[in-house]
Amino acid sequence: MYDHEVRSQKARAVGAVFAFTVLSAFALAACGSDAAPAPTSLAIDAGTPRRDAGANYPGDLVPDAGVDSPDATSSDAAADAKMGDAATRCAPTTSCPTGQRDLGTLSGDKASAPLTATGVGNTWLNVRVTEDDSSVTSAVDLKLKVTLTSPPLENYDVVIYLASSSQVGAFECQTVRAQSTSVSQTDQLAVSWPDNHPAGGQDDSKNVTVEVRHASGPCAPGAEWSLKVEGNAL
Ligand SMILES: [Ca+2]
Ligand SMILES: [Ca+2]
């Protein structure tokens, strides 16, 4: 009889501990609403981004469902205020034909130093590709190779437009000459155009517009794409 009572007391004690544990778990879950839930998607939405409590995203940033949700870490407050909206971060700060970011000049048919750029979000860039081999006895086509590297968890693509004339002020912004939509971290493509060399010669230098186009990802601050442009290369 005594042993039975002891066993009953033990059983009640175990039951009480179990009930307390379950209730505590519910209570913690209810109190934990300030901590951002695990992200479910990297798609850009129209709402306000938020920081999560982890470090698994660039800049500790995740796209949200439209609700601002700073986490419990007080040092996040300033960063929360700086984040802005994903749609705003991805939006172009440049335009074409005017307002392109000028990359400079490189040679399309002789060795020259590559040009590079980095940035966040959609960007229009221009590079002047010059003809430098003007020999009348040889025809060296002009060539340009473009390599775009997307940062982790972002996918940027690259589109190339070739001006229809060699004039310094001629730009093309609509007729696509080449594009890459690879989902890997690297987009690479090349374009070339012929060296015309009639009697008297002809300058085949052209403006090439490079559009870095956002495909997916939060355009997280500090998560920069990297662009390299090489002349006389395919
Ligand atoms: Ca890509
Ligand atoms: Ca020529």
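About the criteria used
Residues numbered from 1 in each chain as written. Chains lettered and ligands numbered in written order. Predicted model: local features only at pLDDT ≥ 70, side-chain atom pairs only at ≥ 80, totals over all residues. Core = buried A, V, L, I, M, F, W, Y, C linked by C-beta atoms within 7 Å. Buried ≥ 20, exposed ≤ 12 C-beta atoms within 10 Å, placed from the backbone. Helix = DSSP H or I, 4+ residues; strand = E, 2+ residues; numbered from the N terminus. Contact = placed C-beta atoms within 7 Å. Pairing = 2+ DSSP bridges. Axes fitted to C-alpha atoms, helices over the stretch in contact; angles between N-to-C directions.

K.L.:
I would appreciate a short explanation of the nonpolar core in the present structure.
P.N.:
Side chains of a nonpolar character, in soluble globular proteins, are inclined to be buried together. Grouped together as the largest cluster of nonpolar side chains are 25 residues, with contacts concentrated most on Val127, Ile160, Val210 and Val229. Where this core is concerned, the elements lending two or more residues are β4 (115–119), β5 (123–130), β6 (142–149), β7 (155–162), β10 (206–216) and β11 (225–231). If you tally residues by element for this core, the top one is β7, at six residues. The contacts of Val127, once residues within four sequence positions are left out, are Leu103, Gly104, Leu106, Leu115, Val208, Val210 and Val229.

K.L.:
Whenever I open this one, the sheet that holds β4 confuses me. Can you help?
P.N.:
Where strands meet in a sheet, backbone hydrogen bonds hold them as pairs that are either parallel or antiparallel. Reading across from one edge, β4-β11-β6-β9 is the order of the four strands in this open sheet, with antiparallel pairing throughout. Of all the strands in the sheet, just β4 and β9 (186–193) have a single pairing partner and so form its edges. When strand polarity is set aside, the average angle formed by the axes of neighbouring strands in this sheet is 15°. Sheet topology places β4 next to β11; five bridges connect them, and they run antiparallel. Among the inter-strand pairings, Thr118 is bridged to a residue of β11, identified as Ser226.

K.L.:
In this structure, what is going on with unusual backbone geometry? I would like to understand it.
P.N.:
Pro97 follows Cys96 through a cis peptide bond whose omega is 10°. The phi angle at Leu153 is positive, at roughly 70°, despite the residue not being glycine. For Leu153, the location among the structural elements is in the loop between β6 and β7. Non-glycine residue Asn232 carries a positive phi angle of around 55°. Locating Asn232 in the fold gives a position in the segment after β11. Its 21 C-beta neighbours within 10 Å are what place Asn232 among the buried residues.

K.L.:
Mind showing me how you'd approach the sheet that holds strand β3 (residues 101–107) here?
P.N.:
An order of β3-β5-β10-β7-β8 is seen for the five strands of this open sheet, with the pairing classed as mixed. Looking at strand neighbours, the two that pair on one side only are β3 and β8 (176–180), the edges of this open sheet. Ignoring strand direction, the axes of neighbouring strands in this sheet form an average angle of 25°. Bridge count for β3 against β5 is six bridges, and the pairing is parallel. Each residue of the ladder has a partner; that of Ser107, found in β5, is Thr130.

K.L.:
I would appreciate a short explanation of the environment of Lys145 in the present structure.
P.N.:
Mapping Lys145 onto the fold places it in strand β6. Overall, the presence of 17 C-beta atoms within 10 Å leaves Lys145 in the partly exposed class. C-alpha separation for the pair Lys145 and Leu234, spaced 89 residues apart in sequence, amounts to 5.3 Å.

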